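What follows is the residue order along each chain.
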Amino acid sequence: MTRNAVGWFEIYVDDMARARAFYEAVFQRTLTRLMADSSGDGGGDAPGMEMWAFQGHPDTAGAAGALVRMPGFAAGGGATIVYFSCADCAVEAARAAAHGGRIFKDKVSIGQYGHIALVHDTEGNLIGLHSMG
């Protein structure tokens, strides 16, 4: 089976509850717990690590990924942008602003490849929004 180049992504966060609320509100999808040790005492799946996944299936287009809180990995300031697929990226950009995020670049045409918008999430991460319309 031929696959896209990206098979998984992780967005590092400092405040998991705040980040989950933001992403669930913006994309209107429920994240699923992969692993959690919010106490940091080693009693969970991985000491100090917490992951909540965006649902994905190996036989569908696009990549799956997760929000991750892990000691030693700070949120924001990275040089990688993950683009989320949207029906109309202006809608998700507006939702991002309404739920504690900040619009960095409003919806703009990228020619035959559709449109993009860029927003900062509640953790300072820059994420991309892509739509064909």
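The rules we used
Residues numbered from 1 in each chain as written. Predicted model: local features only at pLDDT ≥ 70, side-chain atom pairs only at ≥ 80, totals over all residues. Heavy atoms only, no water. Phe/Tyr/Trp six-rings, centres within 6.5 Å; stacked < 30°, edge-to-face > 60°. Helix = DSSP H or I, 4+ residues; strand = E, 2+ residues; numbered from the N terminus. Buried < 20%, exposed > 50% of the residue type's maximum accessible area, 1.4 Å probe, protein only. Contact = heavy atoms within 4.5 Å. Polar contact = N/O pair within 3.5 Å; in protein donor to acceptor, adjacent residues only side chain to side chain.

This part takes up the packing of aromatic side chains. A full pass over the atoms with the stated rule returns eight aromatic pairs. Pairing Tyr23 with Phe54 gives two aromatic rings, centres 5.7 Å apart and planes at 85 degrees, and the pair type is edge-to-face. One end of the pair, Tyr23, is in helix 1 (residues 16-27); the other, Phe54, is in strand 3 (residues 50-54), with 31 residues separating them in the sequence. For the residue pair Tyr23 and Phe54, the accessibility class agrees, reading buried in each case. When the centroid spacing of 6.0 Å and the interplanar angle of 40 degrees are considered together, the rings of Tyr23 and Phe84 count as tilted. Residue Tyr23 is found in helix 1, and its partner Phe84 is found in strand 5 (residues 83-85); the two are separated by 61 residues along the sequence. For Tyr23, a relative accessible area of 1% corresponds to the buried category.

With respect to the helices and strands, the residue Val26 is situated in helix 1. Note: C-alpha distance between Val26 and Ala96 (70 residues apart in sequence) is 5.4 Å. Setting aside its immediate chain neighbours within four residues, Val26 contacts Glu92, Arg95 and Ala96.

In this section: the environment of Asp15. Following the sequence through the fold, Asp15 ends up in the loop between strand 1 (8-12) and helix 1. Spatially, the C-alpha atoms of Asp15 and Arg69 are 7.6 Å apart, while their sequence positions differ by 54 residues. At 3.3 Å, the side chain of Asp15 and the backbone nitrogen of Ala17 are in polar contact. Within polar-contact distance, the side chain of Asp15 engages the backbone nitrogen of Arg18 at 3.0 Å.

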